[in-house]
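Each chain, letter by letter, is given below.
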Amino acid sequence: MKRILLIVSGGIAAYKALELVRLLSKAGYGVRCVLTPAGEKFVTPMALQALSGEKVYTDLFSLTDESEMGHIELSRSADLVVVAPASADILAKMAAGLAGDLASTLLLATDKRVLVAPAMNVRMWEHPATRANMARLESRGVLVVAPDSGPMACGEFGPGRLAEPPVILAAIEAALGVAGPLSGRHAIVTSGPTHEPIDPVRYIANRSSGKQGHAIAAALAALGARVTLVSGPVSIADPAGVQTLHVETAAQMLAAVEAALPADVAVCAAAVGDWRVATAAQKMKKAGGAPPALQLAENPDILAQLSAPGPLRPRLVVGFAAETEHLAEYAAAKRARKGCDWIVANNVGGTGIMGGEENEVLLLSDEGAQAWPKLSKREVAGLLAEKIGKIFA
Ligand code: CTP
């Protein structure tokens, strides 16, 4: 039996946690609840205990329970930690790594994946402080069930309402890889830039942040896939629940990808350096005279190699096409040239796409071209993973 540790924090939406516990118990999960002091103002430990059939933990009990079950044990005995509703306050505590009460201590001590379902007033949700906290949590691999938009208990309108319990249940099942359409499948994802050394201290790089590729790895894992992420040098965190291999150069990326085969699906989101430099063994010195000319050699094309027919070709190979002009035309030509099944094309000409938070893509497949609206990179990843899931369903 899979076990969920459910943290219920304060807010009018806390009553929906009762329905979530009921759904989880009905679906056969073991649910252990922790109620924050603010949560206790909205639902009682008794109600949660009646629905979960298990003892409910609050700050009041935490000291006496320490001997029976330590904080660490409480958070580690679960398969997934869920915070629903997650108030602005607990999200801020998580982002800052505070551990002043039972719930935040558990969240800091856990080694399990954490899923949060935020609920708060629309202005609090849209406040730069909450935006920054959410970005920080997501970069650490915390899974988010985004709040709904609509009329709120406070009389305002907008995003901030807790997602409906069946939606949270579906996200929990996806996070656990239960019945996910990609359960039992292996996915390889490349992400980030490559660094091609010029000499021991210099390299050629590009502006890729890895945000899109990392989000795809996380989204595939959420649908149940075993994911190997091969990442070039990035400054973002490894996604939770994904095996991340760190490489620097295109040659190392290819070697890591080949070693990870076989796979059912490969998504090449990395901005691989097209050329490597005939590297100098020692630091190149200015020492007068003309500036040195760099001798470039073409790098192996990882996407093309993965797409080539053969026993190890993944069933689905997805490439990206970063273009600055003639997007549809160049991307279609790239799809044909590389032999991949789908191409996710994006215009990287303006500022803010490479390294930014959003992406506007065109998906090319046998079905033709599909233009997606401008979305967050996480949303693009979710849609792409869903589409990949349908191939394997
Ligand atoms: N790619 C790869 N290995 C390379 C170069 C690119 O796997 N050595 C993959 C990228 O991960 C991406 C796709 O190929 O999925 C297209 O990358 P892009 O840089 O847009 O295309 P290039 O192959 O570099 O072609 P061009 O320079 O003509 O735009």
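Counting restarts for each chain, with residues numbered from 1 along the sequence as it is written. This being a predicted model, a pLDDT of at least 70 is required before a residue's local features are given, and a value of 80 or more before pairs of side-chain atoms are given or counted; all residues contribute to the totals for chains, interfaces and linings. Each side-chain value is derived from all of the structure's non-hydrogen atoms; neither hydrogens nor water enter the calculation.

## Description of the sheet that holds strand β6 (residues 143–144)
Piece 1. An order of β3-β2-β1-β4-β5-β6 is seen for the six strands of this open sheet, with the pairing classed as parallel. The open sheet has two free edges, formed respectively by β3 (57–58) and β6, since each of these has just one partner strand.
Piece 2. When DSSP finds two or more bridges between two strands, those strands count as paired. In this description a helix means any DSSP run of H or I spanning at least four residues, a strand means any run of E spanning at least two, and both kinds are numbered starting from the N terminus. In this structure, strand β1 (residues 3–8) lies alongside strand β2 (residues 30–35), joined through six bridges in parallel fashion. Paired with I4 across the two strands is V31, which belongs to β2.

## Focus: the packing of helix α1 (residues 15–26) against helix α2 (residues 45–52)
Piece 1. Lines are fitted to the C-alpha atoms to define the axes, a helix being fitted only along its stretch in contact, and any angle between axes, read from their N-to-C directions, falls within 0 to 180 degrees. At a minimum axis separation of 9 Å, α1 and α2 run at an interaxial angle of 15 degrees. As far as their axial angle goes, α2 and α1 are roughly parallel. Along this stretch, α1 crosses α2, giving a crossing that reads as right-handed. On α2, the residues that touch L18, V21, R22 and S25 of α1 are A47, L48, L51 and S52. These descriptions rest on fixed angle ranges, namely under 35 degrees for roughly parallel, over 145 for roughly antiparallel, 65 to 115 for roughly perpendicular, and the rest for oblique. The crossing is said to be left-handed when, going from far helix to near helix, the turn is anticlockwise and less than a right angle, and right-handed when the turn is clockwise. Contacts are residue-level and defined by heavy atoms, with any inter-residue pair within 4.5 Å sufficient.

## Structural notes on the pairing of strand β12 (residues 226–231)
A regular strand places its side chains so that they alternate between the two faces of the sheet.
Piece 1. Of all the six residues making up β12, five are buried; the element is thus mostly covered by neighbouring parts of the structure.
Piece 2. Pairing geometry for strand β9 (residues 186–191) and β12, over six bridges, is parallel. Along β12, the bridge assignment pairs H186 with R226.
Piece 3. Across four bridges, β12 lies against strand β13 (residues 243–246) in parallel orientation. Within the sheet, the bridge partner assigned to L229 lies in β13 and is T244. Buried, partly exposed and exposed residues are distinguished by accessible area as a fraction of the type maximum, computed with a 1.4 Å probe on protein chains only: under 20%, between the cut-offs, and over 50%, respectively.

## A short note on the site of the ligand
Piece 1. Nearness here has a simple test: a residue counts as near a molecule or strand if at least one of its heavy atoms is within 4 Å of that partner. In the neighbourhood of the ligand, 15 residues make up the surrounding shell, with C268, A270, F320, K334 and K338 lying closest.
Piece 2. In the analysis that follows, any N or O atom pair within 3.5 Å is treated as a polar contact, provided that within protein one partner can donate a hydrogen and the other can accept it, and provided that, for residues neighboring in sequence, both atoms belong to side chains. Here A270 contributes a backbone N or O atom positioned 2.7 Å from an oxygen atom of the ligand.
Piece 3. Here an oxygen atom of the ligand sits 2.7 Å away from a polar atom, N or O, in the side chain of K334.
Piece 4. Taken by itself the ligand offers 570 Å² of open surface, and the protein chains cover 79% of this.
Piece 5. Elements represented by at least two residues in the shell around the ligand include exactly α12 (302–307), β17 (316–323) and α13 (327–338).
Piece 6. Take the shell around the ligand: its biggest share by element is four residues, from β17.
Piece 7. Only Asp, Glu, Lys and Arg are considered charged, only Ala, Val, Leu, Ile, Met, Phe, Trp, Tyr, Cys and Pro nonpolar, and every remaining residue, Gly among them, polar. Tallied by class, residues from the shell around the ligand come to nine nonpolar, one polar and five charged. Residue-level accessible areas treat just the shown protein chains as cover; the underlying method is Shrake-Rupley with a 1.4 Å probe.

## So, a nonpolar patch on the surface
Piece 1. Nonpolar side chains collect at one region of the surface, where I204, W275, L294 and L296 lie side by side and expose about 380 Å² of accessible area between them.
Piece 2. You can see L294 is positioned in the loop between β15 (275–277) and β16 (296–298).
Piece 3. Looking at L294, the relative accessible area reads 39%, which means it is partly exposed. Patch rule: a residue counts if its relative accessible area is over 30% and it has no salt bridge; like charges are joined within 9 Å, and nonpolar side chains (Val, Leu, Ile, Met, Phe, Trp, Tyr) within 5 Å. Salt-bridge detection follows one rule: a side-chain nitrogen of Lys or Arg within 4 Å of a carboxyl oxygen of Asp or Glu.

## Quick notes on the sheet that holds β12
Piece 1. Pairing within the open sheet is mixed, and its eight strands lie in the order β13-β12-β9-β14-β17-β18-β20-β21. Of all strands in the sheet, those with a lone pairing partner are β13 and β21 (368–371), marking the two edges. Sheet twist, expressed as the average angle between the axes of neighbouring strands with direction ignored, equals 15 degrees.
Piece 2. Here β17 runs beside strand β18 (residues 342–347); their pairing, made up of six bridges, is parallel. Bridging across to β18, E323 finds its partner in N347.
Piece 3. Helix α11 (residues 250–260) contacts β9, β12 and β13 of the sheet and is inclined by roughly 175 degrees relative to β9.

## Describing the pairing of strand β10 (residues 196–199)
Piece 1. Strand direction decides the pairing type here: β10 and strand β11 (residues 202–204), joined by three bridges, are antiparallel. From the neighbouring strand, E196 faces β11, where its bridge partner is I204.
Piece 2. If you look at the hairpin formed by β10 and β11, you'll find two residues sitting between the two strands.

## Some remarks on the packing of aromatic side chains
Piece 1. Only centres within 6.5 Å qualify two rings of Phe, Tyr or Trp (six-membered ring in Trp) as a pair; their planes then separate them into stacked at under 30 degrees, edge-to-face at over 60, and tilted for everything else. As enumerated under the stated definition, the model contains zero aromatic pairs in all.
Piece 2. Lying over the aromatic face of Y57, K55 brings its terminal NZ or CZ to 6.0 Å of the ring centre.
Piece 3. Whether a charge sits over a ring depends on NZ of Lys or CZ of Arg being within 6 Å of the ring centre and within 35 degrees of the ring normal. Lying over the aromatic face of W342, K387 brings its terminal NZ or CZ to 5.5 Å of the ring centre.

## Topic: the domain arrangement of the chain
Piece 1. What the domain assignment reports for the chain is domain 1 (3–175) and domain 2 (186–392).
Piece 2. Boundaries of every domain are those given by an automatic assignment or by a domain database. On a C-alpha basis, the centroid separation for the pair domain 1 and domain 2 is 35 Å.
Piece 3. Contact residues are listed per partner, giving eight residues for domain 1 and nine residues for domain 2.
Piece 4. Buried area, as used here, totals the accessible surface that two parts lose on assembly, with accessibility defined by a 1.4 Å probe and the loss added over both. Each partner contributes to the roughly 670 Å² buried at the junction of domain 1 and domain 2, and carbon and sulfur atoms together form 48% of this total.
Piece 5. On the surface where domain 1 and domain 2 come into contact, there are one salt bridge.
Piece 6. If you look at where domain 1 meets domain 2, you find one residue pair in polar contact (both at pLDDT 80 or more).
Piece 7. When residues of the side of domain 1 that touches domain 2 are traced back to their parent elements, those giving at least two are α8 (128–139) and α9 (165–175).

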